[in-house]
Amino acid sequence: MKRPIRLPLLVVVALLATGSVPVAAAHGRVRAPEPLGVTATAPVSAENARVGVLVRGGAHYCTASVVHSEGRDLIVTAAHCLTGSGSGGIEFVPGYRDGRAPYGVWAVTRTYVGDGWKGRQDEDSDVAFARVGSRGGEQVEDLVGGNSLVAGRGVSPVGRAVTVVGYPKAREVPVWCTNISTAYGGSQQRIECPGFSGGTSGSPWIDAEGRVVGVLGGFQQGGATDDVSYSVVLGGEAAALYGEATSG
């Protein structure tokens, strides 16, 4: 998990075209921070309401976001956020700000973590899904919506603009930053954005079409410093895990 140093049915499979994406188009066609690589407080918006905190023991410790599913009850985060001692009793609070839960508190009822992470904590398997219970007969996606997940063989956002939205432990509001993702090895991607410290693990990486194309985690569980962050490239393993979560 990132360390605080100075103060995140059917699989949607899409091939991403090469070339840059206008910054203004990133994160669901909502204007994102400019210039590239600048981190700012994320504004209140319908899109940002889909991102929230994971809470355990009364404190938020990781970030997660709602992804579209047939059951309308699915969130995505980093695998290391859903495993380890005390991994039970987790709650998801979308749109969390200043101690308030404008869209309610949703109990995690089931988690989906790949064998690569469960068996050996493989950095290339650091992505996971969780289902949350309904509230008053309503599902979380009914209330805040959900981003589609782009995963599958040959799918990579490397070289394109992505917006990362997450909650540092040291803050009670989310931050966001847009920059161009670059490759890290053959199975990971990285982005340079300051201020993504402890608590931002699990933050979604969102492309210009409003799709989740990464999750902050992977190498060094997201990065040993707060100015460079990593994500697994969401390939076949992530697609299979998403399929399991949506059908389970």
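Rules used in this analysis
- Residues numbered from 1 in each chain as written.
- Predicted model: local features only at pLDDT ≥ 70, side-chain atom pairs only at ≥ 80, totals over all residues.
- Heavy atoms only, no water.
- Disulfide = S-S within 2.5 Å.
- Helix = DSSP H or I, 4+ residues; strand = E, 2+ residues; numbered from the N terminus.
- Buried < 20%, exposed > 50% of the residue type's maximum accessible area, 1.4 Å probe, protein only.
- Salt bridge = Lys/Arg side-chain N within 4 Å of Asp/Glu carboxyl O.
- Pairing = 2+ DSSP bridges.
- Axes fitted to C-alpha atoms, helices over the stretch in contact; angles between N-to-C directions.

Chemist: Tell me what's going on with the state of the cysteines, and back it up with residues and numbers.
Modeler: Scanning all chains against the criterion turns up 2 disulfides. Through a disulfide, Cys62 is tied to Cys81; the S-S separation comes to 2.1 Å. Measuring handedness by torsion sign, the sulfur bridge of Cys62 and Cys81 sits at about -75 degrees and is left-handed. Of this pair, Cys62 sits in strand E3 (residues 59-67) while Cys81 sits in the loop between strand E4 (74-77) and strand E5 (91-94), and the two are 19 residues apart along the sequence. For the residue pair Cys62 and Cys81, the accessibility class agrees, reading buried in each case. Here Cys177 is linked by a disulfide to Cys193, with a sulfur-sulfur distance of 2.1 Å. One disulfide, between Cys177 and Cys193, carries an S-S torsion of -75 degrees and so falls in the left-handed class. Remark: Cys193 occurs in the loop between strand E11 (188-192) and strand E12 (204-206) and Cys177 occurs in strand E9 (residues 175-180); sequence separation between them is 16 residues.

Chemist: Break down the environment of Arg100 for me, with residues and values.
Modeler: Position of Arg100 relative to the elements: it lies in the loop between E5 and strand E6 (106-113). By relative accessible area, which is 58% here, Arg100 ends up exposed.

Chemist: Account for the pattern of salt bridges, with residues named and values stated.
Modeler: The full count for this structure, using the stated rule, is 7 salt bridges. Note that Arg120 and Asp122 form a salt bridge whose closest N and O atoms lie 3.4 Å from each other. Residue Asp122 is classed as partly exposed on the basis of its relative accessible area, which comes to 22%. A salt bridge links Asp207 to Arg211; its shortest N-O distance comes to 2.8 Å. For the pair formed by Asp207 and Arg211, the shared burial category is buried. Here the residues in one salt-bridge network are Arg72, Glu141 and Asp142, joined through shared partners.

Chemist: A description of the sheet that holds E11 should follow, citing residues and the corresponding values.
Modeler: Strand order across the open sheet formed by 3 strands is E10-E11-E14, with antiparallel pairing between neighbours. The open sheet has two edge strands with one neighbour each: strand E10 (182-184) and strand E14 (228-232). Across this sheet, the average inter-strand angle for adjacent strands is 40 degrees, counted without regard to direction. Pairing analysis gives 3 bridges linking E10 to E11, with the strands arranged antiparallel.

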